[in-house]
Structure formats: structure tokens, C-alpha cells
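Residues per chain are reported as follows:
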Amino acid sequence: AAELAGRKAEYSVTVKSIRVRKLPALDASFLAGFGVASVDELKNRIREEMLRSMREESNLRLKGEAAKTLLAKTEMDVPESLAEEESRKIIQEIVADKAMRGMTRDELIEKKAEIAKEADRSSKENVKLDYILDAIADAEKIEVPDDEVDKEVKAYAARRRADDKTVRRQLEKRGGIEGIRRNIRRSKALDMVVAEAKVRIE
């Protein structure tokens, strides 16, 4: 309230409880919760998980750099209709993400132009990269077997905590299965580019 700005105030507070964080004992019951028999086994599992996470993060960075290089070295005109469709999808994703992070409707309206500009730039890059990766996949004759698509559908359903059979039916109705197959194929093409790339550390 503006009329209270700059004024001193006193507060009375009643403490109803105090909680203290305590480390659990490394006993048999604690280890059983992680499905291991010893502290060394637990340490090894944590180490392996950390290494796996680091490898995944490193691979994602390399894929990002490879995508940037492909975009920078390829000249092409992007179909406006596809860019507009992709832009709408990106705006929906940005709005959903910001709303989930607590941004209000009024704040989103204020940032409408900024969001649209970001979506416009990203959409053209995304469509352009899709064309590039499709061309690489065609040239390298990359195929995606049904079992890989099934695995991705199950992972997609698990992320949404939904039944995978129900999710598959919904995807089939709107042609989403082929979309998943295309995405896997493009991902494989980018993996191939990364595998063949010469990494220079500056």
C-alpha cells in the first residue's frame, strides 16, 4: 500500500515448530531403500549416474553446436506457411512454460511482442534445420524401425503419467506417430553429424 511506504512497523511472531534437517544413518534399511547392499555399491551407483548425466549434457551441447554450424553454413528460403505453423507451436510452448513458472496473464500480455519475436526467429531456424536433417537422413538412408517408435511413445506416455496404449491411439488419430518417427530420424541424422564432427576446443 502506497500510504505505508517508508514507515516502520513492528511484528509479533509465534514460532509453532522448528524442524532440523538430519542426515540418515548409513545402515541396512537406508541402503535397502536404494536397492544396494553396501555403501561402496551406493557410491559406485551415484558415480555412474553422475558420469551418465555429464555425458548426456556434453552430448546435448555438441548437438546444439552442430545444429548451429549446419544452420550457419546452409543458405535456403523457409516456406512461410511452415514457419508460421511452427511459430504458433513455439508461442504455445513459451506461454505454457512461463505460466507454469508463475507468470500472470497480464505479465504474459505485456511480453506478447517479445514472445512473438522470439518465436518468429526460432521457428525459421527450426524449419530450416528440419529440412537439413531430412536431407542428411535421405542421403544416409537412415531408417527408424517400429520398435524405436514404440519405445518413444511409451517414454512420451510415461512423461505425462498416462497409459501408453491410450496415448498411442490419440497420436494415431492426429498423425502423431509419423511425427515421432520423423523426429527420431532427424535426431539420428544429427547424431551422425556429431559422430563425424571434428571438435576443436578454443
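Residues numbered from 1 in each chain as written. Predicted model: local features only at pLDDT ≥ 70, side-chain atom pairs only at ≥ 80, totals over all residues. Heavy atoms only, no water.

Chemist: Any chance you could break down the nonpolar core for me, citing the residues and the numbers?
Modeler: A general trend in soluble globular proteins is that nonpolar side chains are found buried together. Leu70, Leu129, Ile132, Leu133, Ile136, Ala189 and Leu190 are the most contacted members of the largest nonpolar core, which has 13 residues in total. Elements that contribute at least two residues to this core include exactly α2 (39-72), α5 (112-139) and α8 (176-196). No other element matches α5, which puts five residues into this core. If sequence neighbours within four positions are ignored, Leu133 has contacts with Leu70, Arg186, Ala189 and Leu190. (Core = buried A, V, L, I, M, F, W, Y, C linked by side-chain atoms within 4.5 Å. Buried < 20%, exposed > 50% of the residue type's maximum accessible area, 1.4 Å probe, protein only. Helix = DSSP H or I, 4+ residues; strand = E, 2+ residues; numbered from the N terminus. Contact = heavy atoms within 4.5 Å.)

Chemist: Provide a residue-level description of the packing of helix α6 (residues 146-159) against α8, including the pertinent values.
Modeler: Contact pair α6 / α8: the axes reach a minimum separation of 10 Å and the direction vectors enclose 105°. Comparing the axis directions of α6 and α8 gives the class roughly perpendicular. Judged by residue contacts, Asp146, Glu148, Val149, Glu152 and Val153 of α6 engage Ile177, Ile180, Arg181, Ile184 and Lys188 from α8. (Axes fitted to C-alpha atoms, helices over the stretch in contact; angles between N-to-C directions. Parallel < 35°, antiparallel > 145°, perpendicular 65-115°, else oblique.)

Chemist: Explain the side chain of Ser123 to me, and be specific about the residues and the numbers.
Modeler: Note on placement: Ser123 falls in helix α5. In this structure Ser123 comes out as buried when scored by relative accessible area, which is 0%. The contacts of Ser123, once residues within four sequence positions are left out, are Ala83, Glu86, Ser87 and Ile90.

Chemist: Now, about the layout of surface pockets: what can you tell me, with residues and values included?
Modeler: Of the volumes computed, that of the largest pocket is approximately 1,400 Å³. For the largest pocket, the lining is made up of 31 residues, of which Glu86, Lys89, Asp130, Asn183 and Arg186 are closest to its centre. Residue assignment for the lining of the largest pocket shows that the elements contributing at least two residues are α3 (80-100), α5, α6 and α8. Sorting elements by how many residues they give to the lining of the largest pocket places α8 first, with 11 residues. Lining the second largest pocket we find 12 residues, and of these Glu65, Ala66, Thr69, Lys198 and Val199 sit closest to its centre. At the level of elements, α2 and α8 are the ones that each hand at least two residues to the lining of the second largest pocket. The biggest single contributor to the lining of the second largest pocket is α2, with five residues. Here the lining of the second largest pocket is built from residues that sort into seven nonpolar, one polar and four charged. (1 Å grid on protein atoms, 1.4 Å probe; cavity = no way out; pocket = protein on both sides within 12 Å on 5 of 7 lines; lining within 4 Å. Points joined across faces, edges and corners; volume = space filled by probe spheres on them. Nonpolar A, V, L, I, M, F, W, Y, C, P; charged D, E, K, R; others polar.)

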